[in-house]
Amino acid sequence: MKLNNKVIIALFGALVPASFPSFAADAFTEVTETILASDPSVRAERARLAGEIEQLRSANSLEGPEIGFGYKWGSEINKWDLSVSQSFDWPGVYGARRKAARYRRYALDESLKAYRRSKESDIREQLIAYVASRRRLELMEEYSSNIDSVYKLSQTAYEHEQMTILDLWKVRVERELARARCIEAGNAMKTAADRIATMNGGEAVDLGGVTSYPGSAVGEYDPSSSPSLASARWNQLAAEAESSAAGRSRYPGFSVGYVHEVEGTSHFNGFTVGITLPMWKGRSDNLAAKLMAEAAEEAAEARRRELRSDYEALRQQSAALTAQADALEEAIGDEAKYRELLGKALHGGTITLHEYFGELNSLLDARLTVEEFRASAALAAEQTRRCQ
């Protein structure tokens, strides 16, 4: 049965898609900073690292002074003495330890930057998921709105005996399927928003400006901008300084002190000097420190290679997904023209109403696939931040 020409034109006109509004500038940074400002985990990590720095400083402090008291009984008179002494390692040990502590502090500073960057990526990845669900919902609502219009026109056509009950039934089913997909997309969007609110301590975040993905273009790998690599490098230098300190700790230590001695009514004042010979210990510590320095160097190189490899893989993945999205979008071409051809084919009896809706659904699936490619490309690009 051929449909009335006016009905076909009305059906086609109702299904012409509304274009997306122009998107505002990237609001990801604003939302991310808002969440991080109230994130207790960032403050906790900062406090933990500050505690480690204080431990490093404490480890290079002098040992406490030693106070001694002696008493001797004699046949005629008794003697007693009081002494205070301070022990010192070989002078070069303290300089090496200070250098190691300074490098460790630099490494911890970079670790905090890397931790914050990781938290930023966690938030931004959730924002990408939110944008993906939001854009999917917009597509589904657009399609559902068009189907609602078609259904109203179909009812009128059926009442004027210009459409069969089977065709009307098909339009009604399509309407309910479109509504169900809107509900599904809306639930996914709410779930994404709830996850972001959870990251903000349960407080809702204004996501009104988060409507588009951040740029998916990824530049060449720049190791100088990576806090993870900087931390590994500083840890390597610290391990080398600690190895130097361990080697110098095998040199003799010494102590100096003051002694006050009383024998009967006589009082004596003097000083003591001692030398510590590390004959029984230090060799294993020195060897362990050297091995730790070598391990730190290898770990830094391994980390550099790992991050570069991950970065390049993600960069290529983002570029490939973007290219796929561009190709599919080009293949879709002029949607209005395609829908016009479908309307003519339906009017001419070349395709049935069932086939007509099948083609429309295929077109919708193609548009959704483009969005999936865009979201995946943005996610891959965002994950390169973890490699920096």
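The present account deals with the structure reproduced in this document. All figures in this text were calculated on a predicted structure; none of them were measured in a lab.

1. A word on the side chain of serine 144
Here's step 1: Its place among the elements puts serine 144 in helix α4 (residues 91-159).
Here's step 2: Apart from residues lying up to four places away in sequence, serine 144 is in contact with Ala178, Arg179 and Cys182.

2. Some points on the environment of valine 171
Here's step 1: Inspection of the secondary structure assignment puts valine 171 in helix α5 (residues 165-199).
Here's step 2: With relative accessibility at 1%, the residue valine 171 sits in the buried group.
Here's step 3: In sequence terms valine 171 and glutamine 155 are 16 residues apart; their C-alpha atoms lie 9.4 Å from each other.
Here's step 4: Every residue in contact with valine 171, bar those within four places of it in the chain, is listed here: Ile147, Val150, Tyr151, Ser154, Leu353 and Phe357.

3. Topic: a negative patch on the surface
Here's step 1: There is a patch of like negative charges on the surface, built from Glu240, Glu294, Glu297 and Glu298.
Here's step 2: No other element matches helix α7 (residues 283-332), which puts three residues into the negative patch.
Here's step 3: Inspection of the secondary structure assignment puts glutamate 240 in helix α6 (residues 227-248).
Here's step 4: Residue class for glutamate 240 comes out partly exposed when judged on its relative accessible area of 36%.

4. A closer look at the packing of aromatic side chains
Here's step 1: A complete count under the given rule lists four aromatic pairs for this structure.
Here's step 2: The structure contains a cluster of three or more aromatic residues connected by ring pairs, namely Tyr103, Tyr106 and Trp234.

5. Focus on α5
Three- or four-residue spacings in an α-helix give side chains the same orientation, since the helix completes a turn every 3.6 residues.
Here's step 1: Under the 1.5 Å per step criterion, the end-to-end length of α5 is 52 Å for 35 residues, consistent within 8% with the ideal 51 Å.
Here's step 2: A positive phi of about 75 degrees marks glycine 201, the residue just after α5.

6. Focus on the pattern of salt bridges
Here's step 1: If you walk through the whole model with that rule in mind, you get 20 salt bridges.
Here's step 2: Two residues, glutamate 382 and arginine 124, come together in a salt bridge whose shortest N-O distance is 2.8 Å. Residue glutamate 382 is located in helix α9 (residues 353-383), and its partner arginine 124 is located in helix α4; the two are separated by 258 residues in the primary sequence.
Here's step 3: Judged by its relative accessible area of 4%, glutamate 382 falls in the buried class.
Here's step 4: For arginine 374, the salt bridge identified is with aspartate 326, shortest N-O distance 2.9 Å. In this pair, arginine 374 is assigned in helix α9 and aspartate 326 in helix α7, connecting sequence segments 48 residues apart.
Here's step 5: The network of salt bridges with shared partners includes Glu33, Arg116, Glu120, Arg124, Glu382 and Arg385.

What counts and how
Residues numbered from 1 in each chain as written. Predicted model: local features only at pLDDT ≥ 70, side-chain atom pairs only at ≥ 80, totals over all residues. Heavy atoms only, no water. Helix = DSSP H or I, 4+ residues; strand = E, 2+ residues; numbered from the N terminus. Contact = heavy atoms within 4.5 Å. Buried < 20%, exposed > 50% of the residue type's maximum accessible area, 1.4 Å probe, protein only. Patch = residues over 30% accessible without salt bridge, like charges linked within 9 Å, V, L, I, M, F, W, Y side chains within 5 Å. Areas by Shrake-Rupley, 256 points an atom, 1.4 Å probe, with all protein chains shown as cover. Salt bridge = Lys/Arg side-chain N within 4 Å of Asp/Glu carboxyl O. Lys, Arg positive; Asp, Glu negative; His and termini not counted. Charge placed at Lys NZ, Arg CZ, Asp CG, Glu CD. Phe/Tyr/Trp six-rings, centres within 6.5 Å; stacked < 30°, edge-to-face > 60°. Expected span 1.5 Å × (residues − 1).

By themselves these figures say nothing about function.
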